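Listed below, chain by chain, are the residues.
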Amino acid sequence: NKTLEAFFYMNDTSLENLYSEIQEIEHNVVINLCKLGYTVYNNKDDNNQYVMMLENLVNNMSNLEVKIYLYFSCLYFIQNEKYKVALELIVLSQKIRASNDMLDAMFYEISYYVKQRLLIKNCSNEDYNNAMNTYNKYHNMRRIIILALHKVKFLSRENPKKALKVLRNIKINDLSSDIDSFYYYIKADTLVQLGNYKDATLNLKHITETSNYYLRKMILLLKICIEEEDFNTIENIKEIVKSYKPKKHEMRSKINYHFLIQKDKKDQKEYLRD
C-alpha cells in the first residue's frame, strides 16, 4: 500500500525510504513486487529479473497483487519499447477483479500512452478522461500536469497550432524541475514544427545540463541549426553529444542524433537499415 501510494503521488523520497527498508529482504513475493516497482519507477535495468521471477509466482498472489504486478510489468515493457506486449497486459488486467482507485487511474494513464503510441486513438480518449477524473478527485497535480503535457505532445504531431494553444493554458508553477523541462521541451518541439525557431530556442534555454531532457534539448537544437544552416553551432553540438553518456531511456534520442548527422538522404536510409 505504501509503495502504491508513493507511486500514485510520484513521491520520490517516500519510495527511496521504502526501498532502503526492504532492500536486504529476500524471497518474499510482496517485497519483490515493491522492488520491481522501485526498479521501473527509476527506469533502472531489471538485473534481478523481477518481471520474469514474479511471473512464476502469480498463483501465490492475491488479485490486487497480480494487478499491481501487471502494472509494473507494463511500465517495464513500455520502457523497453514493447508497446504491444504492454497493451496485452493492460487488457489482461481488466479481467482481474480487484478494485483500487489509485491503481485503476494509473492503468488508464498508461493505457492512454500505449494506445496513442500504437495509433489506437479513438478509444484512448476514454482512458485519458478516466485517469483525469481520479487524479482530480485526489488533487494529484503532478499526474494531472504530466498527463496533460503528454496529450499536448501527441496532439502536436497532428495539429501543432492547437497544441500550442492548449499548452499556454497549462500552469506548471510549484512543480518539479523535470516537469518544467518536459513543458519547455514540448513547447519548443511544437514551435519547431511551426517553423518558429527563435521562440523554440528561447524555451530550450530553460532546460539545464542536469535535466533528463538535456539530450533531447541538444538534438532539437541540432534540428534547428540544420534548418538554419548554422554550421558552427552544429559542430559545437556534435562535440557536446559525443562526450554525453546516454541513459537507458535516452537511446532513442541518441539514434535520432546519429540519423540527423548523416550527410545525405542515402546515408540516412543506410543508417536506419543498420
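Preceding this paragraph is the structure being described.
Conventions we followed
- Residues numbered from 1 in each chain as written.
- Predicted model: local features only at pLDDT ≥ 70, side-chain atom pairs only at ≥ 80, totals over all residues.
- Heavy atoms only, no water.
- Salt bridge = Lys/Arg side-chain N within 4 Å of Asp/Glu carboxyl O.
- Helix = DSSP H or I, 4+ residues; strand = E, 2+ residues; numbered from the N terminus.
- Buried < 20%, exposed > 50% of the residue type's maximum accessible area, 1.4 Å probe, protein only.
- 1 Å grid on protein atoms, 1.4 Å probe; cavity = no way out; pocket = protein on both sides within 12 Å on 5 of 7 lines; lining within 4 Å.
- Points joined across faces, edges and corners; volume = space filled by probe spheres on them.
- Nonpolar A, V, L, I, M, F, W, Y, C, P; charged D, E, K, R; others polar.
- Axes fitted to C-alpha atoms, helices over the stretch in contact; angles between N-to-C directions.
- Parallel < 35°, antiparallel > 145°, perpendicular 65-115°, else oblique.
- Left-handed = near helix turned anticlockwise from the far one by under 90°.
- Contact = heavy atoms within 4.5 Å.

S.K.: Please set out the pattern of salt bridges residue by residue, giving values where relevant.
M.R.: Scanning the entire structure with this criterion turns up 11 salt bridges. Across the pair Lys-121 and Glu-158 runs a salt bridge whose closest N-O atoms are separated by 2.3 Å. Here the residue Lys-121 occupies a position in the loop between α7 (101-117) and α8 (124-137), and Glu-158 occupies one in helix α9 (residues 141-158), the gap between them amounting to 37 residues. Measuring nitrogen to oxygen at the nearest pair gives 2.8 Å for the salt bridge that ties Glu-270 to Arg-273. Of this pair, Glu-270 and Arg-273 both sit in helix α16 (residues 265-273), separated by 3 residues, roughly a single helical turn. Note on Glu-270: relative accessible area 37%, which makes it partly exposed. Each of the salt bridges in this network shares a partner with another, and the network as a whole consists of Glu-81, Arg-117 and Arg-252.

S.K.: Which residues make up empty space enclosed by the protein, and what values go with them?
M.R.: Within the structure shown, the criterion is met by 1 cavity of 30 Å³ or more. Lining the largest cavity are Thr-3, Leu-15, Leu-18, Tyr-19, Ile-22, Cys-34 and Tyr-38. Among the secondary structure elements, those contributing two or more residues to the lining of the largest cavity are α2 (12-22) and α3 (29-41). Among the elements that line the lining of the largest cavity, the one with the most residues is α2, at 4 residues. Along the lines of polarity and charge, the residues of the lining of the largest cavity split into 6 nonpolar, 1 polar and no charged.

S.K.: Help me get a handle on the environment of Leu-272, residues and values and all.
M.R.: In this fold, Leu-272 is placed in helix α16. For the pair Leu-272 and Asn-48, spaced 224 residues apart in sequence, the C-alpha separation works out to 32 Å.

S.K.: Lay out the packing of α9 against helix α11 (residues 177-193) with the relevant residues and their values.
M.R.: Running from N to C, α9 and α11 point in directions that differ by 15°, and their axes come no closer than 10 Å. Classified by the angle between their axes, α9 and α11 sit roughly parallel to one another. In the packing of α9 onto α11, the handedness of the crossing is left-handed. When α9 is examined against α11, the residues Arg-142, Ile-145, Ile-146, Leu-149, His-150, Val-152, Lys-153, Ser-156 and Arg-157 are found in contact with a partner set consisting of Ile-179, Phe-182, Tyr-183, Ile-186, Asp-189, Thr-190 and Gln-193. Tallied by class, the residues present in the contact of α9 with α11 amount to 8 nonpolar, 4 polar and 4 charged.

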